[in-house]
Amino acid sequence: MAREIVLDTETTGFDPKTGDRLVELACLEIESFVPTGRSFHVYIDPCRDMPAEAEKVHGLSADFLRGKPRFEHPDVVEGFLDFIGDAPLIAHNAGFDRGFINWELANCSRAPIPEARWIDTLALAKHRFPGMHNSLDALCKRFKVSLSEREKHGALIDARLLAAVYLELKGGRERRLELTAEVVASTVHVSSRNDYGPRPRPLAPRSTDGERETHAAFIRDVVKNQDLWAKFGL
């Protein structure tokens, strides 16, 4: 099965080169487009103030983030790199997330994650829906992915939404049917090897004594005493 990582971030702003930093990082593992249940999620102390405009988007205040691990802490940078391994990374507007992550990695003297490893769902959506609005929210509504659990943007909930959108962009219902067919075929293959013996306990009769007596009388008085089959030449 193909292992991929769906990734999302929250930040203090738009450009790490002007002092903006990561404040939240979330990754979800998927295999053959289906979430495995494994995830990596961390809040990060940016060691700076939180602009009001950014806090309105994700709801993460400087007070909440103060004291959280910095990106260079082993629990963050090592945990992140160990979790993603060499899997492709899926992000919406991937250049934004890649820019922040590679900036933080450079500050830790770590190698950047090359562009070739990233899959940009925004580019996939623009190719499939040219000229249309292709934000994550717009795609969720287009594909009928529920937004009910999200009050504000958050890396973890957005990664979950993106995983559902990515499945739709890669085939959606048809892809689910293919996966279901594979599971069914595997189940049938396993079941075909089972040998079924006699039932250990006979089922109780579903007819009453009266019904059985009526049936016996019909066989005795009608079927055996009249040549019902003569008309069929039998």
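Every value quoted in this text rests on a predicted model; they were computed, and no experiment measured them. (Residues numbered from 1 in each chain as written. Predicted model: local features only at pLDDT ≥ 70, side-chain atom pairs only at ≥ 80, totals over all residues. Heavy atoms only, no water.)

1. So, helix H5 (residues 121–128)
As a reminder, the rule being used: A 1.4 Å probe rolled over the protein chains alone gives each residue an accessible area, and that area as a share of the maximum for its type sets the label: buried under 20%, exposed over 50%, partly exposed in between. Per the convention used, a helix needs a DSSP run of H or I reaching at least four residues, while a strand needs a run of E reaching at least two, with both numbered from the N terminus. As used here, the arc is the angular range of directions from the helix axis to the C-beta atoms. Contacts: residue pairs with any heavy atoms within 4.5 Å of one another. Here a polar contact is taken to be a pair of N or O atoms separated by no more than 3.5 Å, where protein atoms must pair a possible hydrogen donor with a possible acceptor and residues adjacent in sequence count only if both atoms sit in side chains.
Within H5, the full set of buried residues consists of Thr121, Leu122 and Ala125. Summarising the axial view, the buried residues of H5 lie within an arc of 105°, below the 170-degree limit, and thus occupy one face. Buried positions along H5 lie against strand S4 (89–91), strand S5 (118–120), helix H6 (136–142) and helix H7 (155–169). Between a side-chain oxygen at the N-terminus of H5 and the backbone nitrogen of leucine 122 the separation is 3.0 Å; the capping residue is aspartate 120.

2. A look at the packing of H5 against H7
Rule in force here: To obtain each axis, a line is fitted to C-alpha atoms, and for helices this fit is confined to the stretch in contact; angles are then taken between N-to-C directions over 0 to 180 degrees. Note that the term roughly parallel is reserved for angles under 35 degrees, roughly antiparallel for angles over 145, roughly perpendicular for angles of 65 to 115, and oblique for everything else. Note on convention: the crossing is left-handed when the near helix lies turned anticlockwise from the far helix by less than a right angle, right-handed when the turn is clockwise. Residues are grouped as follows: nonpolar covers Ala, Val, Leu, Ile, Met, Phe, Trp, Tyr, Cys and Pro; charged covers Asp, Glu, Lys and Arg; every other residue, Gly included, is treated as polar.
Remark: H5 packs on H7, axes separated minimally by 11 Å, with the N-to-C direction vectors making an angle of 40°. Here H5 is positioned oblique relative to H7, judged by the angle of their axes. Remark: the crossing between H5 and H7 carries left-handed chirality. Residues Thr121, Leu124, Ala125 and Arg128 of H5 lie in contact with H7, whose contacting residues are Leu162, Tyr166, Glu168 and Leu169. For the contact of H5 with H7, the residue count by class is five nonpolar, one polar and two charged.

3. A word on the sheet that holds strand S3 (residues 34–43)
The condition that has to hold: By this definition, two strands are paired if DSSP reports at least two bridges between them.
Read from one edge of the open sheet, five strands run S3-S2-S1-S4-S5, paired in mixed fashion. Every interior strand has two partners, whereas the edge strands, S3 and S5, have only one. With strand direction ignored, the average angle separating the axes of adjacent strands in the sheet is 25°. Strands strand S1 (3–11), strand S2 (22–31), S4 and S5 of the sheet are contacted by helix H4 (residues 94–107), whose axis makes an angle of about 80° with S1. H5 contacts S4 and S5 of the sheet and is inclined by roughly 40° relative to S5.

4. Section: the pattern of salt bridges
Keep this limit in mind: Take a side-chain nitrogen of Lys or Arg and a carboxyl oxygen of Asp or Glu: if they are within 4 Å of each other, that pair is a salt bridge.
Counting across every chain of the model gives 11 salt bridges. The shortest N-O distance in the salt bridge between arginine 70 and glutamate 72 comes to 4.0 Å. On the basis of relative accessible area, arginine 70 is assigned to the partly exposed category, the value being 47%. Among the salt bridges present, the one from aspartate 137 reaches arginine 150, with a minimum N-O distance of 2.0 Å. Here arginine 150 lies in the loop between H6 and H7 and aspartate 137 lies in helix H6, a separation of 13 residues in the sequence. Linked through salt bridges whose partners overlap, the residues forming this network are Arg3, Glu29 and Arg38.

5. Things to note about the pairing of S2
Within S2, nine of the 10 residues are buried, leaving the element largely enclosed by the surrounding structure. Here S1 runs beside S2; their pairing, made up of nine bridges, is antiparallel. Residue pairing for S2: leucine 7 is matched across the bridge by cysteine 27. As paired elements, S2 and S3 share seven bridges and run antiparallel to each other. Note that in S3 the partner of cysteine 27 across the bridge is phenylalanine 40.

6. A word on the confidence of the model for the chain
To keep things clear, this is the line we draw: The quantity called pLDDT is the predictor's confidence in a given residue, expressed from 0 to 100.
Taken as a whole, the chain shows an average pLDDT of 86; of its residues, 78% reach a score of 70 or greater. In the predicted structure, residues 186–193 sits below a pLDDT of 50 and forms zero contacts with residues beyond four places in sequence or in another chain.

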